[in-house]
Amino acid sequence: MWNPVVILQSIVSGILMGGIFALFGVGFSLTWGVMKVINIAHAAFGILAAYVAYWGLTVFGIDPILSLAVSLPLLFCAGVLIHRFLVQPITRSRDVVVASMVLTFGLAIVLENLMLLAWSPDERLITTGYSSTSIFLGDIIIRISNLLAFVLSMVGIGAIYLFLYRTRTGKAVRATWQDPEGAALQGINLRRVSMITFGMAIASSGAGGVAMAYMYSFNPPAHNLWLIFLFLVVIVGGVGSILGSAVAGLIIGVIIGLSGAFFPMQWVNVLLFGLLMGILLIKPEGLFRK
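Residues numbered from 1 in each chain as written. Predicted model: local features only at pLDDT ≥ 70, side-chain atom pairs only at ≥ 80, totals over all residues. Heavy atoms only, no water.

A. Main features of the nonpolar core. Membership of the largest hydrophobic core comes to 82 residues, with the highest contact counts inside it found for Ile 20, Phe 21, Phe 45, Leu 164, Phe 218, Ile 252 and Ile 256. In terms of residue count, helix α1 (residues 4-35) provides more of this core than any other element does, 13 residues in total. Residues contacting Ile 20, with those up to four places away along its chain left out, are Ala 149, Ser 153, Gly 208, Ala 211, Met 212, Met 215 and Trp 226. (Core = buried A, V, L, I, M, F, W, Y, C linked by side-chain atoms within 4.5 Å. Buried < 20%, exposed > 50% of the residue type's maximum accessible area, 1.4 Å probe, protein only. Helix = DSSP H or I, 4+ residues; strand = E, 2+ residues; numbered from the N terminus. Contact = heavy atoms within 4.5 Å.)

In structure tokens form, the structure reads like this:
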């Protein structure tokens, strides 16, 4: 008989994990939905931010969240430059999706090898003074570091949502996503909008990477595993849907949490990809895409 405490603990752990999936997925979904660019290097930039946070903590004693004040602007600028000199030229390609996947796959390999050269393949884990502190809600245990990772993810998603729905530039991004030709006729600079979108998506991956590093150990090749979850989140939630990606991330987190508690780990991926195939058959545009 299943223990209710184990089930509740698994659900809570899954929600906390799902928040990170959600933040990663929102940025990944943005570039895919607005620009038709599938950025295979998205998670690799998150790992890069995790290393910046790790070394900021171990060398200078800077809290990982405070390190985002440095890494996010740098990642945004890196995203703008990558878009200008690498992504923008391929937008003239007949098949932007395939061209972007090939280009960013190469970029991911370059980033991974640079990180291996700089930091070795050894796994790292962010450990702060509060990492061993936990909150007890009855029999449910919540680590402070995991809760901070979840809060950071929710704040990141909220900031992206406010940008898209409360600012003129954000509304231009949404208009470009919904109708590029109509947006251009209204005087929106599509190139500028795409550049801002790509930079913002890369910066969001940095926040996701730091949140991830609070909960899991990481090394340069870890981005390959996270990329699989990114595709799951975006396909389940619907390409370009901010709300959909956020909810899908939480759903997938809960599924992983519950599955890992009651089934061998090799069955977790079977259940996830079974869910993916079912959604593709029933609602290929995603659960939250109209």
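B. Here's a closer look at the packing of aromatic side chains. One pass over the structure, following the stated rule, counts 14 aromatic pairs. Between Tyr 54 and Phe 218 the ring centres are 6.4 Å apart and the planes differ by 85°, which places this aromatic pair in the edge-to-face class. A residue pair is termed long-range when its members are at least 10 positions apart, and Tyr 54 in helix α2 (residues 42-60) and Phe 218 in the loop between α8 (190-215) and α9 (223-237) qualify at 164 residues. You can call Tyr 54 buried: its relative accessible area is 14%. Ring geometry for Trp 226 versus Phe 229: centroids 6.4 Å apart, planes at 70°, classification edge-to-face. Separated by 3 residues within a single helix, Trp 226 and Phe 229 lie in helix α9, roughly one turn from each other. Of the residues examined, Phe 229 reaches a relative accessible area of 12% and is grouped as buried. Each member of the aromatic cluster is reached from another via a ring pair, and the members are Phe 21, Phe 24, Tyr 216, Trp 226 and Phe 229. (Phe/Tyr/Trp six-rings, centres within 6.5 Å; stacked < 30°, edge-to-face > 60°.)

C. Structural view of helix α10 (residues 242-262). Under the 1.5 Å per step criterion, the end-to-end length of α10 is 31 Å for 21 residues, consistent within 8% with the ideal 30 Å. Where α10 is concerned, the buried positions are Ile 242, Gly 244, Ser 245, Ala 246, Ala 248, Gly 249, Ile 252, Gly 253, Val 254, Ile 256, Gly 257 and Ser 259. (Expected span 1.5 Å × (residues − 1).)

D. Structural view of helix α4 (residues 96-119). End to end, α4 covers 33 Å across 24 residues, agreeing with the expected 34 Å (1.5 Å per residue, within 8%). Taken together, the buried positions of α4 are occupied by Val 96, Ser 100, Thr 104, Leu 107, Ala 108, Leu 111, Glu 112, Met 115 and Trp 119. Its buried side turned inward, α4 meets α1, α2, α3 (64-90) and α9. Positive backbone phi, approximately 70°, marks Ser 120, located one or two places after α4.

E. Examining the environment of Leu 147 more closely. Tracing the backbone through its elements, the reader meets Leu 147 in helix α5 (residues 144-166). Each C-alpha atom of the pair Leu 147 and Ser 134 lies 9.2 Å from the other, and the pair is 13 residues apart in sequence. Ignoring anything within four residues of it in the chain, the contact list for Leu 147 reads Leu 16, Ile 135 and Ile 142.

F. Main features of unusual backbone geometry. One non-glycine residue, Lys 36, adopts positive backbone phi at about 60°. The exposure class of Lys 36 is partly exposed, given its relative accessible area of 43%. In this model, Ser 120 sits at a positive phi of 70°, which is unusual for a non-glycine residue. In this structure, Ser 120 sits in the loop between α4 and β1 (134-137).

G. Main features of a nonpolar patch on the surface. Judged by side-chain polarity, Val 59, Phe 60, Ile 62 and Leu 66 come together as a nonpolar surface patch covering roughly 430 Å² of accessible area. With respect to the element layout, Val 59 can be found in helix α2. (Patch = residues over 30% accessible without salt bridge, like charges linked within 9 Å, V, L, I, M, F, W, Y side chains within 5 Å. Areas by Shrake-Rupley, 256 points an atom, 1.4 Å probe, with all protein chains shown as cover. Salt bridge = Lys/Arg side-chain N within 4 Å of Asp/Glu carboxyl O.)

H. The side chain of Asn 146, seen in detail. Note on placement: Asn 146 falls in helix α5. Here Asn 146 falls in the buried class, since its relative accessible area comes to 14%.

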